[in-house]
Each structure stands twice: as C-alpha cells, then as structure tokens.
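Residue-level structural notes
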Amino acid sequence: MVLFASSLILLWLFVSYLKLQRALRWWFQQQVRQLLGEVAQIQDGLLQESFSLRRSLELALVEEAALTSQARTWLEGVEKLHHSLEQLSDSLLPVCLGDGLPLAVQQLVKAWERRNPGLEFEVTLPDVWRSEPAERSVVILRSLEELLKMALAEPLSQAGVRISLSLQPSAMRKQTGQLAVQITYPNLSALTARFDAQTWQSLQKVLRILISGQCSYRKQNSTLVCELRW
C-alpha cells in the first residue's frame, strides 16, 4: 500500500513538472513573438523613417549652401538616432535571427569583439544549419550571452575564447545541436574569480525547462570548457 501511494505521488509530481514545463515554454514563446513584432516595427518603421530623413538632409546640404551648418548638425543628430535604433533592435533580437542561428552567433561575437578589443575570439560555424524555432534560438543566444558575461566579467584585460557551433549525430536519425565554449584565462585565479556554481545551475535549469537542453562544464587548469546541447 505504501509503495502504491509513493508511486502515485511520484507520478503526480512528474505530471506536474510536465505541465509546468509546457506552461513556461508557452509563456516564453509568447514573449519571443512579442519581441519579434517590436523588432519588426523598429526595422520597418523607425529605421526607415530615420533613413529617409537623413537622405533629405543630405540633399539639403547639396542644394542649400546657406543651410549647410544647421543641416550638418541635424544630420549628425539623425545619424546618432539611426545608430541607436539599430543597437536597440539588435539588443532585443538580432535582425539576422531569421537567417539562422550561426549568423546570429557570429553577430553576437562581433559585438563582443568591438566592446572588448583585448579578448581574442575564435569562432567555428557550420555552413549549413537546420531549421530552428525562434524561441529555441533565442534561448541559445541568451544563454551564450549570459555565459560570456559571467566568464568574462571585468576586470579582465586578456583571455582566449573559442566558440564552436555544430550538429552532432544522435539516436533515431536526429541531430543534436551543440554549442561549445572554451575560455582560456591568463591564470587560474582569473578563472576562480569568475566561476559561480549557482549561476551555472540556473543556466542548466533554464535550458532543461525551456528547450529540453543540457549544459555541462568543466575546468582544466586555467581553462573553462562549457557545452550546450539541445
């Protein structure tokens, strides 16, 4: 009788976990769709309008010499606005997300390279990639972003970062996506100062619940190796 009751409790807990997982996935899908809509509005509306205004000002510089000084000031302001809108759009969701996860990863890495010239990045990406739901790609990108924020937190002037995205064969003729990140620090103390087990556990839970993915990590001397699989 006790064994039967225990089995029922375990079954109830498992069913509850599945319901929670479905609910969280549904919620995240809705958030991603909303973000995609907002990014589309920026790309198709504000960015287009600012571009048109900039072109008009450029023509004014040519046709109206008397307004050259004032028009240049306006043009500089519009260019700053246009650049800020592009950055805002990319921070919400990369504009190239619809072209595949590899291109989005490449764009994310380039942004890190611009902000951190002292870090050395080496990226290996496949030429062909499978079709991915937008919400799954967003989870992978956000996970990579958080991983880099944690592992490369300032102050850190130098480090070598190797990022590899690939498809690995698995059972039932399916392929498993894998994102491997290897960070080599100048010394062991730099790695230890940035290693937070609780943050890693949180990342593992997010991947497991939202996309049924896995995250593993290991330390090798002054190198941190992390692998995301889904």
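One can find the structure itself at the top, above this paragraph.
Read on for a plain summary of the structure. (Residues numbered from 1 in each chain as written. Predicted model: local features only at pLDDT ≥ 70, side-chain atom pairs only at ≥ 80, totals over all residues. Heavy atoms only, no water.)

1. Things to note about the pairing of strand β3 (residues 175–184)
Here ten bridges tie strand β2 (residues 159–169) to β3, and the two strands are oriented antiparallel to one another. Along β3, the bridge assignment pairs L167 with G177. As defined by bridge partners, β3 adjoins strand β5 (residues 223–229) across seven bridges and the pair is classed as antiparallel. Across the sheet, I183 pairs through a bridge with L224, a residue of β5. (Pairing = 2+ DSSP bridges. Helix = DSSP H or I, 4+ residues; strand = E, 2+ residues; numbered from the N terminus.)

2. A closer look at helix α4 (residues 134–151)
Taking 1.5 Å of rise per residue, 18 residues should cover 26 Å, and α4 covers 26 Å from first to last C-alpha, within 8% of that figure. Where α4 is concerned, the buried positions are S137, V138, V139, I140, L141, S143, L144, E145, L147, L148, M150 and A151. (Expected span 1.5 Å × (residues − 1). Buried < 20%, exposed > 50% of the residue type's maximum accessible area, 1.4 Å probe, protein only.)

3. Remarks on the packing of aromatic side chains
The full count for this structure, using the stated rule, is two aromatic pairs. The ring of W112 carries the charged tip of R115 above its face, separated from the ring centre by 5.2 Å. (Phe/Tyr/Trp six-rings, centres within 6.5 Å; stacked < 30°, edge-to-face > 60°. Lys NZ or Arg CZ within 6 Å of the ring centre and 35° of its normal.)

4. Notes on the pattern of salt bridges
Enumeration over the complete set of coordinates arrives at five salt bridges. Between E132 and R130 there is a salt bridge, and its shortest N-O distance comes to 3.0 Å. (Salt bridge = Lys/Arg side-chain N within 4 Å of Asp/Glu carboxyl O.)

5. Looking at the packing of helix α3 (residues 101–115) against α4
It is at 10 Å that the axes of α3 and α4 come closest, and there the two elements cross at 25°. If you check the angle between α3 and α4, you find them roughly parallel. Note that α3 runs across α4; the crossing there is right-handed. Contacts between α3 and α4 involve L101, A104, V105, L108, W112 and R115 from the first element and S137, I140, L141, L144, E145, L148 and K149 from the second. Of the residues that constitute the contact of α3 with α4, the class distribution is nine nonpolar, one polar and three charged. (Axes fitted to C-alpha atoms, helices over the stretch in contact; angles between N-to-C directions. Parallel < 35°, antiparallel > 145°, perpendicular 65-115°, else oblique. Left-handed = near helix turned anticlockwise from the far one by under 90°. Contact = heavy atoms within 4.5 Å. Nonpolar A, V, L, I, M, F, W, Y, C, P; charged D, E, K, R; others polar.)

Such coordinate-based values are descriptive only and should not be taken to indicate function.
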